[in-house]
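Close look at the chain arrangement
Read off the chains here:
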Amino acid sequence: MDHVLTLIAPPGSLATAALHAARDALAAIGAATGTPDWLAPGEAADLPFANLSPDQADAAARAALSGQPVDIIAQAAAGRRKRLLIADMDSTIVTTETLDELAGQAGIKDRIAAITKRAMNGELDFEGALRERVGMLAGLPVEAMQRTWEETELMPGAMQLVATMRAAGARCALVSGGFTFFTGRVAALVGFHEHHSNTLLEADGRLTGHVADPILGRNAKLATLKRIAAEEGIGLDATLAVGDGANDLDMIQAAGLGVAYHAKPVVAAAARARVEHGDLRALLFAQGYRGAEFAVG
């Protein structure tokens, strides 16, 4: 079988009946299917198939499982395990938008969050929206960044995702439109090899309301994916990119496995793979890792 359909659900909620329904749906439109393989009982399973494209298999399985909390990823069976992970930070590796939370320290979270939401859904130019939001923080004591960091939580599965891919020899990079104060701490905590983001400027213990040039945005994320892949001597087909916002879309579409993770509508609609119900361990199941193989971060 040259392709595989992976079904992933919250622990304990993936029933055999769902796997059979997906298998029957593929067979009904001409697919040859193999024996299902449980990657983690009640959570993730692979269904090998042939004679259909991934898009056809994805559509058929989604129709069959409509309304069920199951993530579906169809892809070629060869080369599933990726050698480079490029991950967004805000609302991907951490549960929040750190700029919004930092704005909360200044009492203007709602105002800034409204701009963030529009920017992440592709309604605003990212660079302009970032400069506008940072400008609203002028005069905020730098200690507010530490307080924000202390309240920041990792996304479930983040530690296992990076630890497992590192153990398998993959390079892991955090690439964010956020700020080095946070990406450096997240990278060190989670185990990323490197991090790339923007720098908030400060003077006399307070934020100046400016961000250093050049701003790392949508184009820079894609360029970073390509650059690191070239450094590793691998093609883009051997890469995995994950994010949730419009500034992640180019790298998601370019990667061999590009995943829209609990993403904004414009991103979910344009990505070839999406995770809407599971946590970040779904990216490991998508690569064919078994639950028993997950490393503890």
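First, a word on what this report is: a plain description of the structure on this page. (Residues numbered from 1 in each chain as written. Predicted model: local features only at pLDDT ≥ 70, side-chain atom pairs only at ≥ 80, totals over all residues. Heavy atoms only, no water.)

**Brief notes about the overall build of the protein chain**
Secondary structure summary: the protein chain contains 12 helices and 13 strands in total. A compact globule built from 297 residues would reach a C-alpha radius of gyration of about 19 Å, and the protein chain, at 20 Å, matches this within 12%. Expressed as lengths along the three principal axes of its C-alpha atoms, the size of the protein chain is roughly 65 × 40 × 30 Å. Sorting the 297 residues of the protein chain into buried and exposed places 54% on the buried side. A fraction of 66% describes how many contacts in the protein chain between residues 6 or more apart in sequence connect residues 24 or more apart. A total accessible area of about 11800 Å² is found for the protein chain, and carbon and sulfur atoms account for 50% of it. (Helix = DSSP H or I, 4+ residues; strand = E, 2+ residues; numbered from the N terminus. Rg over C-alpha atoms; globule rule 2.2 N^0.38 Å. Buried < 20%, exposed > 50% of the residue type's maximum accessible area, 1.4 Å probe, protein only. Contact = heavy atoms within 4.5 Å. Areas by Shrake-Rupley, 256 points an atom, 1.4 Å probe, with all protein chains shown as cover.)

**Topic: helix H6 (residues 143–150)**
Of all the positions in H6, only Ala144, Met145, Thr148 and Trp149 are classed as buried. Take H6 and look down its axis: the buried residues cluster within an arc of 140°, on one side only. Against helix H3 (98–105), helix H8 (180–190), strand S9 (200–203) and strand S10 (206–211) lie the buried residues of H6. (Arc of directions from axis to C-beta.)

**Overview of the sheet that holds strand S11 (residues 239–243)**
The strand order across the open sheet formed by 6 strands is S8-S7-S6-S11-S12-S13, and the pairing between neighbours is parallel. Each edge of the sheet is formed by a strand with only one pairing partner; in this case those strands are strand S8 (194–198) and strand S13 (273–275). Ignoring strand direction, the axes of neighbouring strands in this sheet form an average angle of 20°. Looking at chain direction, strand S6 (residues 84–87) and S11 are connected through 4 bridges and run parallel. Note on S11: the bridge partner recorded for isoleucine 86 is alanine 241. (Pairing = 2+ DSSP bridges. Axes fitted to C-alpha atoms, helices over the stretch in contact; angles between N-to-C directions.)

**A closer look at the side chain of serine 176**
As for its position among the elements, serine 176 is in strand S7 (residues 171–179). Accessibility expressed as a relative area gives 0% for serine 176, which makes it buried. A distance of 2.7 Å separates the side chain of serine 176 from the backbone nitrogen of glycine 178, its partner in a polar contact. Aside from chain neighbours lying at most four places away, what touches serine 176 is Asp88, Met89, Asp90, Thr183, His196, Ser197, Asn198, Leu216 and Lys221. (Polar contact = N/O pair within 3.5 Å; in protein donor to acceptor, adjacent residues only side chain to side chain.)

**Some details on the nonpolar core**
In terms of nonpolar packing, the biggest core is built from 62 residues, with Leu85, Ile93, Leu137 and Phe192 touching the most fellow members. Contact partners of leucine 85, with chain neighbours within four places excluded, come to Leu161, Val162, Met165, Arg171, Cys172, Ala173, Phe192, Leu240 and Val242. (Core = buried A, V, L, I, M, F, W, Y, C linked by side-chain atoms within 4.5 Å.)

**With respect to the environment of glycine 178**
For glycine 178, the position within the fold is in strand S7. Note on glycine 178: relative accessible area 5%, which makes it buried. Residues glycine 178 and arginine 23, 155 residues apart in the sequence, show an inter-C-alpha distance of 42 Å. Not counting the four nearest positions on each side in its chain, glycine 178 is found in contact with Asp90, Ser197 and Asn198.

**Overview of helix H1 (residues 16–28)**
In this model, H1 (13 residues) spans 18 Å end to end at C-alpha, consistent with the 18 Å of a helix rising 1.5 Å per residue. Of all the residues in H1, the buried ones are Ala18, Leu19, Ala22, Ala25 and Leu26. Looking down the long axis of H1, one finds its buried residues gathered within 125° of arc, a one-sided arrangement. In H1, the exposed residues that point more than 90 degrees away from the buried face are Ala17, Asp24 and Ala28. In this structure, the buried residues of H1 make contact with strand S1 (3–8), strand S2 (32–33), strand S3 (37–40), strand S4 (44–50) and helix H2 (54–64). Looking one or two residues beyond H1, the residue adopting positive phi is glycine 30, at roughly 100°. (Expected span 1.5 Å × (residues − 1).)

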